[in-house]
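# Examination of the molecular architecture
Okay, here's what each chain looks like letter by letter:
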Amino acid sequence: MTKIQNWISEKSIRNIQEKADPETKQTKKMYMSLLDEEDGFVKEVDEFISNKEYLDLRKKEMLHKKWSERVYDPLQAQVYKGMKREYSNVERRKRDLHDDYVEYCNRRPVFLDTMSKEDYNPLQLQNPRDRKSVV
């Protein structure tokens, strides 16, 4: 009895598979074409994003280059010229103040906790001085 049931079930299974096979092939064919389209679309989107990122980076680089040429470099040059021109004055002033300090120390002893601005002002270099605008 089990042989007949197995035979019937095998036969009916084959019939079902034969009927389903064309439908399955057609479905697989549609599904594969859809997957191919999706892969192509994903590749195109990835390529677009990569190009966009590259173009954005290039745009930032160009913007930085323009800013450097038009703003930073001229400003830096002005600051350098101003510092170069004023540095000799500052250096001479520091030397003069140092000479005054040495002269004062030679005349009398110096105590760090007392200060007489009339005789010698050790904070003279820290006093606000005229600042000229270079711009």
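An account of the accompanying structure is given in this report. (Residues numbered from 1 in each chain as written. Predicted model: local features only at pLDDT ≥ 70, side-chain atom pairs only at ≥ 80, totals over all residues. Heavy atoms only, no water.)

## Regarding the overall build of the protein
When its secondary structure is counted, the protein shows 1 helix and 0 strands. Burial statistics for the protein: of 135 residues in total, 4% are counted as buried. About 13300 Å² of surface is accessible on the protein, with carbon and sulfur atoms providing 56% of the total. (Helix = DSSP H or I, 4+ residues; strand = E, 2+ residues; numbered from the N terminus. Buried < 20%, exposed > 50% of the residue type's maximum accessible area, 1.4 Å probe, protein only. Areas by Shrake-Rupley, 256 points an atom, 1.4 Å probe, with all protein chains shown as cover.)

## A word on the side chain of Ser 68
Residue placement: Ser 68 occurs in helix 1 (residues 2-107). Residue classification places Ser 68 among the buried positions, given a relative accessible area of 14%. Dropping the residues within four chain positions of it, Ser 68 is found in contact with Asp 73 and Pro 74. (Contact = heavy atoms within 4.5 Å.)

## A few points about the pattern of salt bridges
Inspection of every chain in the model, using the stated rule, returns 3 salt bridges. One salt bridge connects Arg 58 with Glu 61, and the closest N-O pair in it is separated by 3.4 Å. Of this pair, Arg 58 and Glu 61 both sit in helix 1, 3 residues apart, roughly one helical turn. By relative accessible area, which is 41% here, Glu 61 ends up partly exposed. For the salt bridge of Arg 95 with Glu 91, the shortest nitrogen-to-oxygen distance reads 3.0 Å. Highlighted residues: Arg 95 and Glu 91, both in helix 1, separated by 4 residues, approximately one helical turn. (Salt bridge = Lys/Arg side-chain N within 4 Å of Asp/Glu carboxyl O.)

## Describing a negative patch on the surface
On the surface, a cluster of negative charge is contributed by Asp 36, Glu 37, Glu 38 and Asp 39. Considering the arrangement of structural elements, one finds Asp 39 in helix 1. A relative accessible area of 43% places Asp 39 in the partly exposed class. (Patch = residues over 30% accessible without salt bridge, like charges linked within 9 Å, V, L, I, M, F, W, Y side chains within 5 Å. Lys, Arg positive; Asp, Glu negative; His and termini not counted. Charge placed at Lys NZ, Arg CZ, Asp CG, Glu CD.)

## Here we look at a nonpolar patch on the surface
A cluster of nonpolar side chains, namely Phe 41, Val 42, Val 45, Phe 48 and Ile 49, defines an oily patch on the protein surface of about 460 Å² accessible area. With respect to the helices and strands, the residue Ile 49 is situated in helix 1. Of the residues examined, Ile 49 reaches a relative accessible area of 39% and is grouped as partly exposed.

## Comments concerning the environment of Ser 33
Tracing the chain through its elements places Ser 33 in helix 1. At 2.8 Å, the side chain of Ser 33 forms a polar contact with the backbone oxygen of Met 30. (Polar contact = N/O pair within 3.5 Å; in protein donor to acceptor, adjacent residues only side chain to side chain.)

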